[in-house]
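Spelled out, the chains give:
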Amino acid sequence: MNRCTHRVEAVIFDWAGTMVDYGCLAPLEVFKAIFKKRGINVLDEEAREPMGLQKLEHIREMCSMPRISRLWRDMYGREPEERDINALYADFEPMLFSILPAYSNPIPGAVELVERLRNAGIKIGSTTGYTSEMIAIVKQEAKKKGYAPDSLVTSSQVPAGRPFPWMFYQNAINLEVYPMNRMVKVGDTVSDIKEGLNAGAWSVGVIKGSSELGLTKEEVQTMDPALLAEKMKAVAETFTEAGAHYVIESIGELDELLPKINRRLANDEPSLLRGF
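This text gives an overview of the structure that appears in the document. Source: prediction; values computed, not measured.

1. Focus: unusual backbone geometry
In the segment running from R162 into P163, the intervening peptide bond is cis, with an omega of 5°. Its place among the elements puts P163 in the loop between β3 (153-154) and α8 (166-175). Here the amide bond leading from Y178 into P179 is cis, since omega sits at 0°, within 30 degrees of zero. If you trace the backbone, P179 turns up in the loop between α8 and β4 (183-187). The phi dihedral of D21 is positive, around 55°, even though this residue is not glycine. Relative to the elements of secondary structure, D21 occurs in the loop between β1 (10-13) and α1 (25-36). At C24, a residue that is not glycine, the phi angle is positive and equals roughly 50°. Within the element layout of this structure, C24 appears in the loop between β1 and α1. Assessed through its relative accessible area of 5%, C24 is described here as buried.

About the criteria used
- As a convention, each chain's residues are numbered from 1 in the sequence order in which they are written.
- Note on the predicted model: pLDDT of at least 70 is required for a residue's local features to be given, and 80 or more for side-chain atom pairs to be given and counted; whole-chain, interface and lining totals, by contrast, use all residues.
- Just so you know, side-chain values use all the structure's heavy atoms and leave hydrogens and water out.
- Each helix is a run of H or I in the DSSP string that is no shorter than four residues. Each strand is a run of E no shorter than two, and both are numbered from the N terminus.
- The buried label applies to any residue whose accessible area, calculated with a 1.4 Å probe on protein chains only, is under 20% of its type's maximum; exposed applies above 50%, and partly exposed to all values in between.

Here it is in structure tokens:
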């Protein structure tokens, strides 16, 4: 472990919507399905808003949303309670397990990016909102297709998930990298951005393939360019407002940022003070 270098030594990636599962579709479909089973039709934007959180917390956040809470009260005569949240999650797990293998394909450019990073001597870590059991399925399938990080940490291995930095810190331990500003966090949600900031790392948001953009690869390819540009601009603004140091269009562009970050590190810029 070299504490005297002034360069990026590790990149910590999110999984769904960042490195695999273009558009972060697997959890979206299941979140909608478990509420629909109870007569509650949730909107895509409602199901996506808490993306990046541990899934039980994600469901809890959805239940607290005014519209969903009102629909639940109209249907059942009361607000959603903890027993309801637990029941929703009990349905969520098996439904997600059944579809995860089909949503584990690496996002275009991800595998090649990791190869370039490793050739540059950069270590690869990862954090996720999936449980250890969920990500085990994704990890196995993604490895068959060429993506396997050096370190993987889930929220069940630490005191709490995002936006807390504990998963990030465990990656730093696993990879033996210090200080935190020698590391970059990359993700597709606001909670990813906050996780990186709270860890004292560089935080980067990725637009295409992200849950925040919420489009499939086919939709991105066929959408009117002006409309797509408008949607991408809105995502970039969301990430920037959350404190992201950089926003990239596609995951394959990440290594183009590293020389800029390395120069800032060499100049000892106080760039990581924001977000605290």
